[in-house]
Amino acid sequence: MEELEYLDWNNSIKILDKAHEAGLFVIIIGPKGTGKTSLVRDFAKRKNVNLESINFSLRTRESHLVGTKTLTDGTISFDEGILIKSMREGDILYLDEINSAEADVLLRLDEALDDRRQIVLKESTGEVVKAKESWFVVATINPLTHSGTKELPPQLLSRFPVRIRLEYPPENIELEIIKKHVSGKHESEIIQAIKLANTLRQAAAVEELFYSPSLRETIAFGKLLDKGMSSKEAADIVFGNVYTQWGNIEYQKVSDIITSMFGN
Ligand SMILES: Nc1ncnc2c1ncn2[C@@H]1O[C@H](COP(=O)(O)OP(=O)(O)OP(=O)(O)O)[C@@H](O)[C@H]1O
């Protein structure tokens, strides 16, 4: 897939840069699909530094971070996990949705993230792994309304003193971002889709609806128009149909909004 440049509409790259220089870890807070992953990828690319990523869920275990013992040809060895690798190499470590992780996993992370930046490999040799000077950690958390997310323990939160908010962008900026992903031939329809997305986002914010569309959806809408789909059909498919999950009343509400904006 082609590498798209990140549109740095709220100076996040500059903040990341300063934090990186100062050796301070960063947490990015914002709803899904607002560009958190793209931002960090773009930053790593600009810095020409290797990026190691992990997406947390309730199933993430300590071993994913630290490593696992393996048996090959009768010999036991230890396969180091992403946390240890990134510390040794001085890479950028991206901890996506860190507030979805279980407490024991967070505790192990906490050990590595404190000011000494070191961890004891109690699973293998007991070696104390000290991070290279350039080691840099960026985490993300989704707002607490996101299913499966918990509050991050305050002491862990304090390991990330640089906090970036990444919300849905203003309409004109969202249009610029979408144009990075599509042809730009359907500008007026895309502007309508952004308006629709914002209506649905606002309704979700006050719990009128169960789901809030992200930039992924507005980009997908533009891509379907590029493939020749009509705007009404694309709006139904990308924005409307998903609400069926929460029953017919929810779906009908959204379907009516779509019809009023894109016709029958
Ligand atoms: N500022 C931007 N410049 C270019 N593309 C962007 C920007 N913001 C978002 N996008 C695009 O929007 C989509 C969603 O972005 P991304 O996956 O980075 O979001 P995210 O916040 O990490 O999502 P999640 O929390 O669900 O992992 C991607 O296709 C990404 O390329």
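Only a predicted model underlies this, so the values are computations on that prediction, with no experimental measurement involved.

Definitions and cut-offs
Residues numbered from 1 in each chain as written. Predicted model: local features only at pLDDT ≥ 70, side-chain atom pairs only at ≥ 80, totals over all residues. Heavy atoms only, no water. Helix = DSSP H or I, 4+ residues; strand = E, 2+ residues; numbered from the N terminus. Buried < 20%, exposed > 50% of the residue type's maximum accessible area, 1.4 Å probe, protein only. Contact = heavy atoms within 4.5 Å. Areas by Shrake-Rupley, 256 points an atom, 1.4 Å probe, with all protein chains shown as cover. Lys, Arg positive; Asp, Glu negative; His and termini not counted. Charge placed at Lys NZ, Arg CZ, Asp CG, Glu CD. Polar contact = N/O pair within 3.5 Å; in protein donor to acceptor, adjacent residues only side chain to side chain. Pairing = 2+ DSSP bridges. Axes fitted to C-alpha atoms, helices over the stretch in contact; angles between N-to-C directions. Salt bridge = Lys/Arg side-chain N within 4 Å of Asp/Glu carboxyl O. Core = buried A, V, L, I, M, F, W, Y, C linked by side-chain atoms within 4.5 Å. Phe/Tyr/Trp six-rings, centres within 6.5 Å; stacked < 30°, edge-to-face > 60°. Lys NZ or Arg CZ within 6 Å of the ring centre and 35° of its normal.

Digging into the overall build of the protein chain
Inference 1: The helix and strand inventory of the protein chain stands at 11 helices and nine strands.
Inference 2: For the protein chain, the spread of C-alpha atoms along the principal axes amounts to about 65 × 40 × 40 Å.
Inference 3: Within the span of the protein chain, comprising 264 residues, buried residues form 45% of the whole.
Inference 4: Long-range contacts, defined as pairs at least 24 residues apart, comprise 70% of the intrachain contacts of the protein chain with a sequence gap of at least 6.
Inference 5: In the form shown here, the protein chain has an accessible surface area of approximately 13,800 Å², with 51% of it arising from carbon and sulfur atoms.
Inference 6: For the protein chain, the distance from the average position of its 33 positive side-chain charges to the average position of its 40 negative side-chain charges is 2 Å.

Notes on the side chain of S214
Inference 1: Along the polypeptide, S214 turns up in the loop between α8 (187–205) and α9 (215–226).
Inference 2: One polar contact links the side chain of S214 to the main-chain amide nitrogen of R216, over a distance of 3.0 Å.
Inference 3: If we skip the residues at most four places from it in the chain, S214 touches K32, G33, Y168 and R201.

Brief notes about the pairing of strand β3 (residues 67–72)
Regular strands place their side chains on alternate faces of the sheet.
Inference 1: Here β3 pairs with strand β4 (residues 75–80) via six bridges, running antiparallel. Bridging from a neighbouring strand, T70 pairs with S77 of β4.

Here we look at the sheet that holds strand β9 (residues 162–165)
Inference 1: Strand order in this open sheet of five strands is β2-β5-β8-β1-β9, and the pairing throughout is parallel. Every interior strand has two partners, whereas the edge strands, β2 (51–55) and β9, have only one. Strand-to-strand twist across the sheet, computed as the mean angle between neighbouring axes with direction ignored, equals 20 degrees.
Inference 2: The sheet contact formed by β2 and strand β5 (residues 92–96) spans five bridges and is parallel. Across the sheet, residue L51 finds its bridge partner in β5, namely I92.

Regarding the pattern of salt bridges
Inference 1: This structure, assessed with the given rule, holds 15 salt bridges.
Inference 2: E80 is the salt-bridge partner of R88, the closest N and O atoms lying 2.7 Å from each other.
Inference 3: For E80, a relative accessible area of 25% translates into the label partly exposed.
Inference 4: Linking E111 and R108 is a salt bridge whose minimum nitrogen-to-oxygen distance equals 3.0 Å.

So, the nonpolar core
Inference 1: Ranked by internal contacts, the top residues of the largest apolar core, which has 48 residues, are L95, I98, W135 and F160.
Inference 2: Ignoring anything within four residues of it in the chain, the contact list for I98 reads I27, F56, L106, L109, A139, T140, I141, L152, L156 and F160.
Inference 3: Residues Y211, I219, F221 and I258 belong to the second largest nonpolar core, which totals 27 residues.

Remarks on unusual backbone geometry
Inference 1: In this structure, E97 takes a positive phi of about 55 degrees despite not being glycine.
Inference 2: Looking at the element boundaries, E97 is found in the loop between β5 and α5 (103–113).
Inference 3: Residues other than glycine seldom take positive phi values, yet R117 does so here, at roughly 50 degrees.
Inference 4: Structurally, R117 can be placed in the loop between α5 and β6 (118–120).

Here's the deal with the packing of aromatic side chains
For any two aromatic rings, the description comes down to two numbers: the centre-to-centre distance and the angle of the planes.
Inference 1: On inspection of all chains with the given rule, the structure shows eight aromatic pairs.
Inference 2: Relative to W135, the ring of F25 has its centre 5.4 Å away and its plane inclined at 85 degrees; by these criteria the two rings are edge-to-face. In this pair, F25 is assigned in the loop between α1 (12–22) and β1 (26–29) and W135 in the loop between β7 (128–130) and β8 (136–141), connecting sequence segments 110 residues apart. Both residues of the pair, F25 and W135, count as buried.
Inference 3: Look at F221 and F239: their rings are 6.0 Å apart centre to centre, the planes differ by 45 degrees, and that puts the pair in the tilted class. With a gap of 18 residues between them, F221 in helix α9 and F239 in helix α10 (residues 231–240) connect regions that are remote in the sequence. F239 carries the same exposure label as F221, and that label is buried.
Inference 4: Three or more aromatic residues joined by ring pairs make a cluster, and in this case those are F210, Y211, Y243 and W246.
Inference 5: Taking NZ or CZ as reference, R117 lies 3.8 Å from the ring centre of F25, over its face.
Inference 6: The cationic tip of R201 hangs over the ring face of Y168; the distance from NZ or CZ to the ring centre is 4.2 Å.

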